[in-house]
Amino acid sequence: MNSPIVVRIKKKRIVELLANGKRVDEREPTEYRKIELDSGVIERAEGSARVRLGKTDVMVGVKIATGTPFSDVPNKGVLTVNAELVPLASPYFEPGPPGENAVELARVVDRGIRESKAIDLEKLCVEPGKLVFVVFVDVYILNHDGNLIDASTMAALAALVNTKMFKYEVEDGKIVKKPGYTPLPIVNYPISVTFAKIGDKLVLDTGLDEEEVMDARLTMTMDKDGKICAIQKGGGSGYFTKEEISEAAKIALKKTEELRKIVVKG
Amino acid sequence: MKASKKKTKQETEKKSAKKAEKLIDKKGVRLDGRKLDELRPVKLEVGVIPNADGSAYLEQGKNKILVGVYGPKEAHPRHIARQDRAVIQCRYHMAPFSVDERKSPAPSRRDVELSKVIREALEPAIFLEYYPKTAIQVYIEILQADGGTRCAGITAAALALADAGIPMRDLVVACAAGKADGKLMLDLMDTEDKVGEADVPVAFMPNLNAITLLQMDGNLSVDEFENAISMAIDGCKQIYALQKEALKLKYVAAEEAKEE
């Protein structure tokens, strides 16, 4: 972390620029950095994707296992999202169990997928109450240059779309693999956009410099029908007004649609 | 894995309870007799823990929440200290007996997230720059949970901070609105939250018109979402009046004791 004085000088400069509608890297306030997406980058995983958002680099692997369903939803598969802020990705990341930033990241990604009902979990039930498939979504941050949430939701969605399930038959209550694959039943496409409030301006897709000086952060996740399925405010000791939130919702509606086209092709 | 499984369970419980019963009758009255835009009865009290620098107790419906504040004091471990301001250490914690099925006292991933967002909801209110290199500890204990505990925790924590004499720009007050049975409603209780379609917790500083916590899960159109925020803010304003009342009451009580 930079010293408070450096942060203050940086903030002054960034706020001055924003007053004239400019950003440190010359982007528009709602413009994303270059998005590069590769799917199927890990052969051993049932699904995977890597998203580069400028210099931010996120890999998501999906593994499928079998397990028992929760007793209250015996006919549904299980979704688990985990995030690792891998120490090689930033001088500020340290080895050890997930801290609050990693937990928050995982839970925001999870909420988008879960609340939009992106995976048809009922199709992942083998034997109600006894045997279901468990979808593990592991978010792996490889380089941190800001906006980990949006990069992670995009990579997670791309990885899920890319996921192949092996074909199987049930014999004596056990799963026997058969040759061939079927896609994971994906029925919705949640995309998040994360705003930073810097001074009194809202910007999208913050770089690390901007994140260091932002007053507050607001993530909106929308599904394919433009419905909001998850929101998270965070990141600093600032606040939003109701008017700013309304403005953000309008921008999010457009922007999520744009990004969805990049992540889900065809 | 274990922790995340628990969370998954909590969230899947929502769906399983679905359609078990109607939440709103034909007259628009909810299970506990409230109207759609009506809060649960709120009871607030400050100065309830003698050892703490500040404390508050809250009841909102069946929620029972205790908050203790310590500090500003020397930051520990020392590396968390900041040269230019105080840091807030916030712990949201549910008692093992606070919910139907015993909750392990170890912090779940939900607890970790809530501790973070609650801290970030309180920070904008506090003049942190007055106390560099110190820590202010906010301990929120959920003794009984009945839906909306993060909001109730914030409401009580702001009172405890004020009770500790920590300079603040405004009190922070929180309340959720949501959607259940196809209708927007204020201050969802446990059953409404679990069965409902969406939940929008909001923390607010009325004097500054500032939203300091905002989350949502579920499914809402942009219009519904904006209405839900307005509804939650109205609820916040009602609780805000009760907060101020509770703070005053402490000094009135002290004054009366002196006179006797």
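First, a word on scope: everything that follows refers to the structure included in this document. (Residues numbered from 1 in each chain as written. Chains lettered and ligands numbered in written order. Predicted model: local features only at pLDDT ≥ 70, side-chain atom pairs only at ≥ 80, totals over all residues.)

Observations regarding the overall build of chain A
Here comes step 1: Each helix and strand in chain A was counted, giving 5 helices and 12 strands.
Here comes step 2: Taking 2.2 N^0.38 as the reference for a compact globule, 266 residues should give roughly 18 Å; the C-alpha atoms of chain A span a radius of gyration of 20 Å, in line with that estimate.
Here comes step 3: Oriented by its inertia axes, the alpha-carbon framework of chain A measures out at about 70 × 40 × 35 Å.
Here comes step 4: Out of the 266 residues belonging to chain A, those deemed buried represent 46%.
Here comes step 5: The long-range fraction of contacts in chain A, counting pairs at least 24 apart against all pairs at least 6 apart in sequence, stands at 69%. (Helix = DSSP H or I, 4+ residues; strand = E, 2+ residues; numbered from the N terminus. Rg over C-alpha atoms; globule rule 2.2 N^0.38 Å. Buried ≥ 20, exposed ≤ 12 C-beta atoms within 10 Å, placed from the backbone. Contact = placed C-beta atoms within 7 Å.)

Remarks on the environment of Leu131 of chain A
Here comes step 1: For Leu131 of chain A, the position within the fold is in strand β6 (residues 131-143).
Here comes step 2: Put simply, Leu131 of chain A and Gly77 of chain A are 54 residues apart on the chain and 8.6 Å apart in space, counted from C-alpha to C-alpha.

A word on the interface of chain A and chain B
A common way to report how large an interface is uses the accessible area buried once the components associate.
Here comes step 1: Each side of the interface is counted separately: chain A has 35 residues, and chain B has 39 residues.
Here comes step 2: Looking at the side of chain A that touches chain B, the elements that each hand over two or more residues are β4 (78-85), α2 (100-115), β12 (228-234) and α5 (242-263) of chain A.
Here comes step 3: Looking at the side of chain A that touches chain B residue by residue, the classes come out as 16 nonpolar, 8 polar and 11 charged.
Here comes step 4: Sheet analysis places β12 of chain A next to strand β9 (residues 210-220) of chain B, joined by 4 bridges and oriented antiparallel. The partner of Gln232 of chain A across the bridge, within β9 of chain B, is Gln215 of chain B. (Nonpolar A, V, L, I, M, F, W, Y, C, P; charged D, E, K, R; others polar. Pairing = 2+ DSSP bridges.)

Thoughts on the packing of α5 of chain A against helix α5 (residues 222-259) of chain B
Here comes step 1: Two numbers describe how α5 of chain A lies on α5 of chain B: the axes approach to 11 Å, and their chain directions differ by 165°. Between α5 of chain A and α5 of chain B, the crossing angle belongs to the class labelled roughly antiparallel. In this structure, α5 of chain A meets α5 of chain B at a crossing whose hand is right-handed. Here Lys242, Ile245, Ser246, Ala249 and Leu253 of chain A of α5 of chain A come into contact with α5 of chain B, specifically with Val222, Phe225, Glu226, Ile229 and Ile233 of chain B.
Here comes step 2: When the residues that make up the contact of α5 of chain A with α5 of chain B are grouped by side-chain class, the tally is 7 nonpolar, 1 polar and 2 charged. (Axes fitted to C-alpha atoms, helices over the stretch in contact; angles between N-to-C directions. Parallel < 35°, antiparallel > 145°, perpendicular 65-115°, else oblique. Left-handed = near helix turned anticlockwise from the far one by under 90°.)

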